[in-house]
Amino acid sequence: MTAIRGGFLLVAASLAEPTYAALFEFTGSAARNDGTVLYEEQHRVEGLCERGEFEPLEHHVIYLPSRGSGSDQPFAEKWLDYSASAVRPTVNFRQPNFNEFLKVTYPDKDIVSLVWQQPGGDTNRSTLDMPNDLVVDAGFDNFVRQNWHKVINGESVRFRFLAPTRGTDYAFVLEPAQNQTVKADYLVQIRPDSFMLKFLVDPIVLGYSKKGVLTVYSGLTNIRENADQNFTATIRYNVTTYPECELTP
């Protein structure tokens, strides 16, 4: 019996996937419908390869003016921490040229805290109860991958999405999409689930590769065009460093 148990433990140990640090890096180019490039993004995601799958921990985004603009200095930055949840990261976003910053934290396991300094204006502070299906900021990307088998099989998934500048969250649907201008291996969209909100908020169209990489984002961005509104753009992404493990289950 001892020999059998020892043999079983050796086999189990040999089959266990090691855990090790991993890096996922990619860039993005945001453009208008006419092809005019608005700005560039540089993403660095540090995480772990655990059980053969990438687990994000820290995500840093640098936003740069378009090439040829005469400047190579970042005009905005964002830091995300996924250590508590891959779909509900803490968020620290700053766009100094509009004197704007946004912070999303979780002072308690069921509470979301929001601090938003409006462009050149007042600072709004609020808290709200956190639903179990809440998705925050770039956590949508990990949410898509967590539901990968549903996504590629054409199923829909309902969830709540945080609207930090409004101090609340709304019901959304992740579902298959068709689009004549966005091309990818898999196309999905995020749209409001509310009948009234559908008329006010356009869907965000997302393109993914077979590896589970976000290749295209088309819709409202988090970068300001002016003090009153953000850019609406199509962002095309290219991976510069893949983690040494899978991105999808």
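These figures come from a predicted structure and were not determined experimentally.

Q: Which parts of the structure should I look at to understand the environment of P249?
A: Along the chain, P249 falls in the segment after strand 15 (230-241). Given the relative accessible area of 47%, P249 is considered partly exposed. With 79 residues separating them in the primary sequence, P249 and Y170 have C-alpha atoms 27 Å apart. Among all residues touching P249, those that are not within four sequence positions of it are E53, R145, W148 and H149.

Q: Hey, could you run me through the nonpolar core in this one?
A: Inside soluble globular proteins, nonpolar side chains tend to come together where they are buried. Counting 55 residues, the largest nonpolar core has Y39, F140, L174 and L206 as its most contacted members. When sequence neighbours within four positions are dropped, the list of residues in contact with L174 reads F143, V144, V151, E155, S156, V157, F159, V188, Q189 and I190. Membership of the second largest hydrophobic core comes to five residues, among which are A177, L187, V205 and V216.

Q: It is not clear to me how the confidence of the model for the chain should be interpreted in this structure. Could you clarify?
A: Low pLDDT marks stretches whose predicted atomic positions should not be read closely. A residue-level look at the chain finds 92% of positions with pLDDT of 70 or above and a mean pLDDT of 91. Of the regions scoring below 50 in pLDDT, residues 8-14 engages in zero contacts with residues more than four places distant in sequence or in other chains.

Q: So what exactly am I meant to see when it comes to the pattern of salt bridges here?
A: Two side chains with opposite charge may pair up if their charged atoms get near one another. On inspection of all chains with the given rule, the structure shows 10 salt bridges. Here R32 and E225 are joined by a salt bridge, their closest N and O atoms 3.4 Å apart. Taken together, the residues R32 in the loop between strand 1 (20-31) and strand 2 (37-50) and E225 in the loop between strand 14 (214-224) and strand 15 connect sequence positions 193 residues apart. R32 sits in the partly exposed class, given a relative accessible area of 35%. Here R160 makes a salt bridge to D169, at a shortest N to O gap of 2.7 Å. One network of salt bridges, in which partners are shared, links E25, R44 and E46.

Q: Whenever I open this one, the state of the cysteines confuses me. Can you help?
A: Note on terminology: a disulfide is the covalent bond linking the sulfur atoms of two cysteines. Following the criterion strictly, the structure yields one disulfide and no others. Disulfide pairing places C49 opposite C245 at an S-S distance of 2.1 Å. Measuring the twist about the S-S bond at about -80°, one finds the C49-C245 disulfide to be left-handed. Of the two residues, C49 sits in strand 2 while C245 sits in the segment after strand 15, which places them 196 residues apart along the sequence.

Q: Mind showing me how you'd approach the packing of aromatic side chains here?
A: What characterises a pair of aromatic rings is the spacing of the ring centres plus the angle enclosed by the ring planes. Inspection of the entire model under this criterion finds 15 aromatic pairs. With a centroid separation of 5.9 Å and 65° between ring planes, the pair formed by W148 and Y208 is classed as edge-to-face. You can see W148 sitting in helix 3 (residues 148-152) and its partner Y208 sitting in strand 13 (residues 204-208), a full 60 residues away along the chain. Both residues of the pair, W148 and Y208, belong to the buried class. Through a chain of ring-to-ring contacts, three or more aromatic side chains come together here, namely Y39, Y63, F75, F93 and F231. The ring of F101 has R94 sitting right over it, with the charged end atom 5.1 Å from the ring centre. K211 extends its terminal NZ or CZ atom over the ring of Y242, reaching a point 4.5 Å from the ring centre.

Q: Can you help me understand the pairing of strand 14 in this one?
A: Looking along a regular strand, one sees the side chains alternate between the two faces of the sheet. Most of strand 14 is tucked away: eight of the 11 residues are buried. Adjacent in sequence and paired antiparallel, strand 13 and strand 14 are bridged by five residues, among which G212 carries a positive phi angle near 90°. As judged from the six bridges shared by strand 14 and strand 15, these two strands associate in the antiparallel manner. Considered in strand 15, the bridge of L220 is made with T232.

Criteria and cut-off values
Residues numbered from 1 in each chain as written. Predicted model: local features only at pLDDT ≥ 70, side-chain atom pairs only at ≥ 80, totals over all residues. Heavy atoms only, no water. Helix = DSSP H or I, 4+ residues; strand = E, 2+ residues; numbered from the N terminus. Buried < 20%, exposed > 50% of the residue type's maximum accessible area, 1.4 Å probe, protein only. Contact = heavy atoms within 4.5 Å. Core = buried A, V, L, I, M, F, W, Y, C linked by side-chain atoms within 4.5 Å. pLDDT = per-residue confidence, 0-100. Salt bridge = Lys/Arg side-chain N within 4 Å of Asp/Glu carboxyl O. Disulfide = S-S within 2.5 Å. Phe/Tyr/Trp six-rings, centres within 6.5 Å; stacked < 30°, edge-to-face > 60°. Lys NZ or Arg CZ within 6 Å of the ring centre and 35° of its normal. Pairing = 2+ DSSP bridges.

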